[in-house]
Amino acid sequence: MKETILLINFKDQQKLRQIKMALFPFKVRIKVIEPVDFCQPVGYLAGVKEIEPDRTPEALRPQEDMEKEMLVFAGITGDLFQQILYTIRKAGTPVDYKAVLTEYNQNWTCIQLYKELEREHKAYHPKS
């Protein structure tokens, strides 16, 4: 799997462009995930070959919405990971929810991952 960053739920096109421009020098694959794919496994969206797409007809999929933007880092570790986080902050494009693709969460849908990050965020920041 190629080093990939999934950009999920970016409604502000200007912010999306800013993040893409900030990430461009890193030569990582950047994939914008549209709402129609929020019920797909994040591992599949990141290009993990062993993970199959959800073939449930769109009309039968739950139509849940996310409030905040989310970044998922796949295959990005160490110094590169730290440099990317620093660059995103420096570019003035903060993103509340960030996750690293793991063996544990790669089969989760974007919605499931979002709910887990939301739960963790509330646990660490009870007044936000």
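Residues numbered from 1 in each chain as written. Predicted model: local features only at pLDDT ≥ 70, side-chain atom pairs only at ≥ 80, totals over all residues. Heavy atoms only, no water.

Remarks on unusual backbone geometry
Non-glycine residue asparagine 9 carries a positive phi angle of around 70 degrees. Note on placement: asparagine 9 falls in the loop between strand E1 (4–8) and helix H1 (13–23). Here asparagine 9 falls in the buried class, since its relative accessible area comes to 6%. With a phi angle near 55 degrees, lysine 27 is a residue other than glycine that sits in the positive phi range. (Helix = DSSP H or I, 4+ residues; strand = E, 2+ residues; numbered from the N terminus. Buried < 20%, exposed > 50% of the residue type's maximum accessible area, 1.4 Å probe, protein only.)

Focus on the packing of aromatic side chains
When we look at a pair of aromatic rings, we describe it by the centre distance and by the angle of the planes. All told, the structure shown has 3 aromatic pairs when counted by the stated rule. Taking the centre distance of 5.0 Å and the plane angle of 80 degrees together, the rings of phenylalanine 73 and phenylalanine 81 count as edge-to-face. Classification of phenylalanine 81 as buried rests on a relative accessible area of 17%. If you follow lysine 27 out to its NZ or CZ, it ends over the ring of phenylalanine 24, 5.2 Å from the centre. (Phe/Tyr/Trp six-rings, centres within 6.5 Å; stacked < 30°, edge-to-face > 60°. Lys NZ or Arg CZ within 6 Å of the ring centre and 35° of its normal.)

Describing the pairing of strand E3 (residues 70–74)
When a strand is regular, its side chains alternate between the sheet's two faces. Burial within E3 is extensive, with 5 of its 5 residues counted as buried. Bridge analysis of E1 against E3 gives 5 bridges, and the strand direction is antiparallel. Bridging across to E3, isoleucine 5 finds its partner in phenylalanine 73. Summarising the sheet, E3 and strand E4 (residues 97–100) pair through 4 bridges and their orientation is parallel. Counted as the bridge partner of phenylalanine 73 is valine 100 from E4. For the crossover that starts at E3, traverses helix H3 (residues 78–90) and ends in the parallel E4, the hand is right-handed. (Pairing = 2+ DSSP bridges. Right-handed = clockwise from strand over helix to strand, strands pointing away.)

Digging into the sheet that holds E3
Judged by pairing direction, the sheet is mixed, and its 4 strands sit side by side in the order E2-E1-E3-E4 without closing on themselves. Pairing within the sheet leaves two strands with one partner each, and these edge strands are strand E2 (29–33) and E4. Between one strand and the next, the sheet's axes are offset by a mean angle of 20 degrees, whatever the strand orientation. The sheet strands contacting H1 are E1 and E2, and the helix crosses E1 at an angle near 170 degrees. Here helix H4 (residues 110–124) sits on the sheet and contacts E1, E2, E3 and E4; the angle it forms with E4, its principal contact strand, is near 115 degrees. (Axes fitted to C-alpha atoms, helices over the stretch in contact; angles between N-to-C directions. Contact = heavy atoms within 4.5 Å.)

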